[in-house]
Amino acid sequence: MTPPTPTAARFELLFWSLTAICSFVTLVVLIAMVGLVLRFHHARDRGDAEPIRHHNRYEVAWTVVTFAVFAGMFVFGALAFRELDADTRETESPLEVSVTAKRWMWKFDHADGPREIDALHVPAGRPIRLSMISEDVIHSFFVPKFRLKHDVLPGRASTLVFRVDTPGNYQLLCAEYCGLDHSRMRGRVVVMTPDDYTAWRSRRSSQPEGDTP
Ligand SMILES: [Cu+2]
């Protein structure tokens, strides 16, 4: 399945690249280890291997290669992180939603629009800016499919900007242990086509407190 947000796509690429690099290195080390054990096994009676005390070419090679791999991973991660940060500064007419977390529910307040509980309806393809605050303890706004997680603090607003390109129903969880019903502090983010969203909004403003799907 293609990732529903640009952030998720970047995260996925980074995650799988790191996994591939680590798997490759693990494989090389394991194969070398097994190969050397077999080759220099005592029972084969080939005598001891000549100990290598110093070898400039080997030392330069493993230093340069290791450094290049780690520097590459760092640059890759730093670029992805910078883009993530750029997302939160994106200002191209974002849709503003105030989020209030409290034990154990999510309240959403659309600017000049409807309010909802444990469900957030948003249009696809448009940046959404959440201003989040908690009424009691620390919670965390977590939508696994978006690869997005952000702490929601009491007494200090935090901002999260994201854009979802694929309409659908996405699970929302609280990712910071917040008490007895933490595991039930769940909701959903409903991403609709812009037309459906407009229709939903006008339907909601005619019956403000009802819960429409
Ligand atoms: Cu919570």
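Reading the values: rules and limits
Sequence order as written defines residue numbering, which begins from 1 separately in each chain. For a predicted model such as this one, the threshold for reporting local features is a pLDDT of at least 70, and the threshold for listing and counting side-chain atom pairs is 80 or more; totals across whole chains, interfaces and linings nevertheless cover every residue. Remark: hydrogens and water are excluded; side-chain values derive from all non-hydrogen atoms of the structure. UniProt positions are given in the numbering used here, feature names are shortened, and annotations may be inferred rather than shown by experiment. Two strands pair under a simple rule: DSSP has to find at least two bridges between them. Secondary structure elements follow DSSP: runs of H or I of four or more residues count as helices, runs of E of two or more count as strands, with numbering from the N terminus. For helices, the fitted axis covers only the stretch in contact; all axes are lines through C-alpha atoms, and the angles between them, taken along N-to-C directions, range from 0 to 180 degrees. For Na, K and Ca the donor cut-off is 3.2 Å; for every other metal, N, O and S atoms count as donors within 2.8 Å. Water does not enter the count, which can leave sites looking incomplete. Square planar and octahedral assignments, for four and six donors respectively, both demand that opposite donors be over 155 degrees apart and that all other angles lie between 65 and 115; tetrahedral needs four donors with all angles between 85 and 135 degrees, and anything else is irregular. One side-chain nitrogen of Lys or Arg within 4 Å of one carboxyl oxygen of Asp or Glu is enough to make a salt bridge. For the exposure calls, accessible area comes from a 1.4 Å probe over protein chains only, and a residue counts as buried if that area is under 20% of its type's maximum, exposed if over 50%, partly exposed in between.

- Per an unreviewed UniProt entry, the recorded name for the chain is cytochrome-c oxidase, and the organism is Enhygromyxa salina.
- Per UniProt, the chain has the following entry under Function (unreviewed entry): "Subunits I and II form the functional core of the enzyme complex. Electrons originating in cytochrome c are transferred via heme a and Cu(A) to the binuclear center formed by heme a3 and Cu(B)."
- We quote the UniProt Subcellular location (unreviewed entry) comment for the chain here in full: "Membrane".

## Notes on the sheet that holds strand 1 (residues 95–102)
Okay, so step 1: Spatial strand order, 3-2-1-5-8: five strands in an open sheet with mixed pairing. Of all the strands in the sheet, the pair left with one neighbour each is strand 3 (115–117) and strand 8 (158–162). Adjacent strand axes in the sheet meet at a mean angle of 25 degrees, parallel and antiparallel pairs treated alike.
Okay, so step 2: Summarising the sheet, strand 2 (residues 105–110) and strand 3 pair through three bridges and their orientation is antiparallel. Paired with K107 across the bridge in strand 3 is I117.

## Some thoughts on the coordination of the copper ion
Okay, so step 1: For the copper ion, the full set of protein donor atoms is H139 (ND1), C174 (SG), C178 (SG) and M185 (SD), and the range of their distances to it is 2.0 to 2.6 Å.
Okay, so step 2: Around the copper ion sit four donor atoms, and with donor-metal-donor angles ranging over 90 to 124 degrees the site reads as tetrahedral.

## Considerations on the pattern of salt bridges
Okay, so step 1: According to the stated counting rule, one finds seven salt bridges in the structure shown.
Okay, so step 2: The partner of E12 in a salt bridge is R147, and the shortest N-O contact between them spans 2.9 Å. On the criterion of sequence distance, the pair formed by E12 in helix 1 (residues 6–39) and R147 in the loop between strand 6 (139–143) and strand 7 (148–152) is long-range, its members being 135 residues apart.
Okay, so step 3: Assessed through its relative accessible area of 21%, E12 is described here as partly exposed.
Okay, so step 4: Residue R103 pairs with D136 through a salt bridge whose shortest N-O separation is 3.8 Å. Taken together, the residues R103 in the loop between strand 1 and strand 2 and D136 in the loop between strand 5 (128–134) and strand 6 connect sequence positions 33 residues apart.
Okay, so step 5: D136 sits in the partly exposed class, given a relative accessible area of 25%.

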